[in-house]
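Each chain, written out:
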Amino acid sequence: MTDLETIDRLCGVIEAQAEIIKKQAFYISEVLTVDEAISDMLEAERSDIDDTIDFLKKKMQPVHSKPESYRQVENP
């Protein structure tokens, strides 16, 4: 994955986080309490985004002292 591809994925992650936040704000303002099904759905979405962020952070870490084979991070 090139740096440009990584940056593009980061932009996608930020957009996904923004959508989750909009959903949470809607449910909180309209319902005031979030039922279990909605809470589970949002938790799953946050978990997916967290996994992607962890992958991208690992990809962006400096690896100057590592062998070239280490630099090839697998996409989740």
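Heads up: the structure comes first, above all this text.
Residues numbered from 1 in each chain as written. Predicted model: local features only at pLDDT ≥ 70, side-chain atom pairs only at ≥ 80, totals over all residues. Heavy atoms only, no water.

## Notes on the pattern of salt bridges
Operational definition: In what follows, salt bridge is the name for a side-chain nitrogen of Lys or Arg lying within 4 Å of a carboxyl oxygen of Asp or Glu. Secondary structure is summarised from DSSP: a helix means a run of H or I of at least four residues, a strand means a run of E of at least two, and numbering begins at the N terminus for each.
This structure, assessed with the given rule, holds 3 salt bridges. For Arg46, the salt bridge identified is with Glu43, shortest N-O distance 3.1 Å. Of the two residues, Arg46 and Glu43 both sit in helix H2 (residues 36-60), 3 residues apart, roughly one turn of that helix.

## A closer look at the environment of Ile38
Of note, Ile38 is situated in helix H2. In sequence terms Ile38 and Gln24 are 14 residues apart; their C-alpha atoms lie 9.1 Å from each other.

## Describing the side chain of Thr6
Note the threshold: The criterion used for residue contact is that any of the two residues' heavy atoms lie within 4.5 Å.
Along the polypeptide, Thr6 turns up in helix H1 (residues 3-31). With sequence-adjacent residues up to four places away left out, Thr6 is seen in contact with Met1, Leu56, Lys59 and Met60.

## Here's the deal with the nonpolar core
Formally: Residue types Ala, Val, Leu, Ile, Met, Phe, Trp, Tyr and Cys, when buried and joined through side-chain atoms within 4.5 Å, form a set referred to as a nonpolar core. Each residue gets one of three labels from its accessible area relative to the maximum for its type: buried under 20%, exposed over 50%, partly exposed in between, using a 1.4 Å probe on protein chains only.
Of all hydrophobic cores here, the largest spans 7 residues; its members are Val13, Ile20, Ile38, Leu42, Ile49, Phe55 and Leu56. Residue assignment for this core shows that the elements contributing at least two residues are H1 and H2. A per-element tally of this core places H2 first, with 5 residues. For Ile49, the contacting residues outside a window of four places in its chain are Val13, Ala16, Gln17 and Ile20.

## So, the side chain of Thr52
Relative to the assigned elements, Thr52 resides in helix H2. Thr52 sits in the buried class, given a relative accessible area of 17%. Contact partners of Thr52, with chain neighbours within four places excluded, come to Arg9 and Val13.

## Some thoughts on H2
Put simply, the rule is: Working rule for helices: expected span equals 1.5 Å times residues minus one.
Over its 25 residues, H2 runs 36 Å from end to end, which matches the ideal 36 Å to within 8%, given 1.5 Å per residue. By the burial criterion, the buried members of H2 are Ile38, Leu42, Ile49, Thr52, Phe55, Leu56 and Lys59.

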